Amino acid sequence: MSGSEVLIEAARQARERAVAPYSRFRVGAAIETADGHIVTGCNVENASYGLTVCAERVAMFKALSEGHRHFVRIAVVADTQEPTSPCGACRQVLWEFGRDLEVILANLETITGRHQMRELLPHPFDGRLL
Ligand code: THU
């Protein structure tokens, strides 16, 4: 398997662990660190819906909490024909910690999109503006 296939497969496996009893929309994410580690996340929902956390942020916060600080790409997997691309909140968090990450979108069979974070979040707000 190529590097991106390994990352996508890790995101597919993470998706299996999604905690999504309300939406039943299961998402997996896998972040590759600059030194080659893979850290995964899945969406985790709550009966108080607004407390739900997306797979991308779970993956990023897990990676940060494990001490990783440099990232090269993230894969996001859902069981949809259309690409499931990160929500606005996740884009802001991914930009904060990953800057211009490559974002690979996939479903259970194939890649559905490839982007750079600077395309997904043009004119970002970040610490340079404070
Ligand atoms: N979700 C993600 O985990 N990532 C995305 O990129 C899109 C949305 C989750 C949040 C919620 O649990 C469910 O998908 C439906 O919005």
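Details of the structure are given in the entry above.
Just so it is clear, the structure is predicted and the values come from calculations on it, not from any experiment.

Student: Describe the sheet that holds strand β2 (residues 38-42), and please don't skip the residues or the numbers.
Tutor: On the basis of which strands lie adjacent, the open sheet formed by five strands has the order β2-β1-β3-β4-β5 and mixed pairing. Edge positions in the sheet fall to β2 and β5 (111-116), since each has one partner strand and no second. The sheet shows a mean angle of 15° between the axes of neighbouring strands, taken without regard to direction. Pairing between strand β1 (residues 27-33) and β2: five bridges, direction antiparallel. In the sheet register, Ala-29 faces β2, and the bridge partner there is Gly-41.

Student: Which residues make up the pairing of strand β4 (residues 102-106), and what values do they have?
Tutor: With five of its five residues buried, β4 lies for the most part within the structure. By the alternation rule, side chains of β4 split into Glu-102, Ile-104 and Ala-106 and Val-103 and Leu-105, which are all buried. Bridging between strand β3 (residues 71-78) and β4 involves five bridges; their strand directions are parallel. Directly across from Ala-75, in β4, lies its bridge partner Ile-104. Inspection of the sheet shows β4 paired to β5 by five bridges, in the antiparallel sense. Note that in β5 the partner of Leu-105 across the bridge is Gly-113.

Rules and cut-offs
Residue numbering note: each chain is counted from 1, following its sequence as written. The predicted origin of the model limits local features to residues at a pLDDT of at least 70 and limits the giving and counting of side-chain atom pairs to 80 or more, whereas totals for whole chains, interfaces and linings rest on all residues. The basis for every side-chain value is the complete set of heavy atoms in the structure, and neither hydrogens nor water enter the calculation. In this scheme, strands are said to pair when DSSP sees at least two bridges between them. Segments assigned H or I by DSSP are reported as helices when at least four residues long, segments assigned E as strands when at least two residues long, and all are numbered from the N terminus. Each axis is a line fitted through C-alpha atoms, taken for helices only over the stretch in contact, and angles between the N-to-C directions span 0 to 180 degrees. Each residue gets one of three labels from its accessible area relative to the maximum for its type: buried under 20%, exposed over 50%, partly exposed in between, using a 1.4 Å probe on protein chains only.

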